[in-house]
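Listed here are the chains, written in short residue letters.
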Amino acid sequence: MGVTGAGKSTFISRCCPSAVGSASDGMKSCTQDVRTYTFHHSGKTIHLIDTPGFDDTYRTDSDVLRDLAYYLTSSYGSGYKLSGIIYLHPITHNRLTGTAFKNLRTFRKLCGAQSMSSIVLATTMWSEVTPEVGDAREVELKETAEFWGDMIREGSTVYRHTDDHNSAINIISFLADRDTKTVLGLQAEMVDQKRSLEDTEAGREVDKEMSQQREMFEKRLELTRQELEEAIAAKDDQHAREIMQEQERFESKLAAIQQGREELRISMEALIAEKEKRHKEELAKMNEQLETGAALAGAAMAGGCTVT
Ligand SMILES: Nc1nc2c(ncn2[C@@H]2O[C@H](COP(=O)(O)OP(=O)(O)OP(=O)(O)O)[C@@H](O)[C@H]2O)c(=O)[nH]1
Ligand SMILES: [Mg+2]
């Protein structure tokens, strides 16, 4: 997981080069869906799950959370648990910006306290900064409580990913060798406690962010109403038209926020029913890969990678 452009898809391609999917080329997000990549390493079958980041260019946070929730609850409901979660952060970001910070907050809520020791916090893009700058930023990330400080205290492990195969495999080996499975907070909340997405910690966080956005747009809209009255009184038609166009933009933002908040009101069953067909196909492929993996594991196969 990690913000758009953090290097998630590239990390996966470093683990299994034959899985080179599309990587994003700047600020626009590239990975739109949760996807699984399977490869074999040291006699183990590894499934890497690529995810879109929050604050995605094309989708609302609630839409991204729904996708993650669907994948996480349907796989856990079918008996699959995660060995770990890798959170990537580009060291080129000189501070945790609003987006990165929001992403991290939702990520922590989604994982829950019980999964902190199964998290690897890895920095990417080291070739893009001088060692001094990179070192200083890494120290800031590690020592600031609300960045990575608290998570490290609760058991998360920090790695530098230097954009090559060995560095990616080191992280995979660390998690695979722990031989520990974890249940994320969101999985326990939705599957075991039967809560709807809006009643999970991550759902509440996303809802809170959206509610703040709504307030901001409502305030802006209110200001334009006064401006419009003044423009009409001054018979300034051109300005009045511009204000009305701005109002339309704010109203459509507000409608999208409202829809996003409503979309959080969904249970695990409804999420799964909605995507039942895709769910069945994915599980069938996963089982097929597990069977093939079990057959290949004895031969200590390395390299081959499949994508679902
Ligand atoms: N220098 C350098 N470039 C990287 C590294 N990781 C990724 N990139 C580049 O950064 C860009 C974004 O990488 P992606 O792997 O698509 O990022 P992502 O996290 O999957 O992005 P989304 O799918 O949008 O969420 C691509 O052009 C990559 O080639 C890295 O460690 N170092
Ligand atoms: Mg991607």
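In this report, we go over the structure that sits alongside the text. (Residues numbered from 1 in each chain as written. Chains lettered and ligands numbered in written order. Predicted model: local features only at pLDDT ≥ 70, side-chain atom pairs only at ≥ 80, totals over all residues. Heavy atoms only, no water.)

**A word on the sheet that holds strand β3 (residues 85-90)**
So the rule is basically this: For two strands to count as paired, DSSP must find a minimum of two bridges between them. In DSSP terms, a helix is any run of H or I states spanning at least four residues, a strand is any run of E spanning at least two, and both are numbered starting from the N terminus. Axis lines are fitted through C-alpha atoms, for helices just across the contact stretch, and the angle between N-to-C directions can take any value from 0 to 180 degrees. Note on contacts: a residue pair is in contact if any heavy atoms of the two residues lie within 4.5 Å.
On the basis of which strands lie adjacent, the open sheet formed by three strands has the order β3-β4-β5 and parallel pairing. Both outer strands of the open sheet, β3 and β5 (157-160), are each paired with one neighbouring strand and no more. With direction set aside, neighbouring strand axes in the sheet form an average angle of 25 degrees. Inspection of the sheet shows strand β4 (residues 119-124) paired to β5 by four bridges, in the parallel sense. Paired with T123 across the strands is R160, a residue of β5. Across the face of the sheet, helix α5 (residues 145-153) comes into contact with β3, β4 and β5 while running at roughly 145 degrees to β4. Together, β3, β4 and β5 form the strand contacts of helix α6 (residues 165-178), whose direction differs from that of β5 by roughly 160 degrees.

**Focus on the state of the cysteines**
The cut-off we apply is this: By disulfide we mean two sulfur atoms from cysteines, separated by a distance within 2.5 Å. Here's how the labels work: a residue is buried when its accessible area is under 20% of the maximum for its type, exposed when over 50%, partly exposed in between, all with a 1.4 Å probe on protein chains only.
The full count for this structure, using the stated rule, is zero disulfides. We note that C15 lacks a disulfide partner, and the nearest cysteine sulfur, in C16, lies 6.0 Å from it. When its relative accessible area of 0% is taken as the criterion, C16 is described as buried.

**Examining the environment of A6**
Note on placement: A6 falls in the segment before α1 (8-15). Residue class for A6 comes out buried when judged on its relative accessible area of 0%. For A6 and T123, which are 117 residues apart along the polypeptide, the C-alpha to C-alpha distance reads 8.5 Å. Apart from the residues lying within four places of it in its own chain, the contact partners of A6 are L88, P90, T124 and M125.

It is worth stressing that arrangement in space is one thing and function is another; only the former is reported here.
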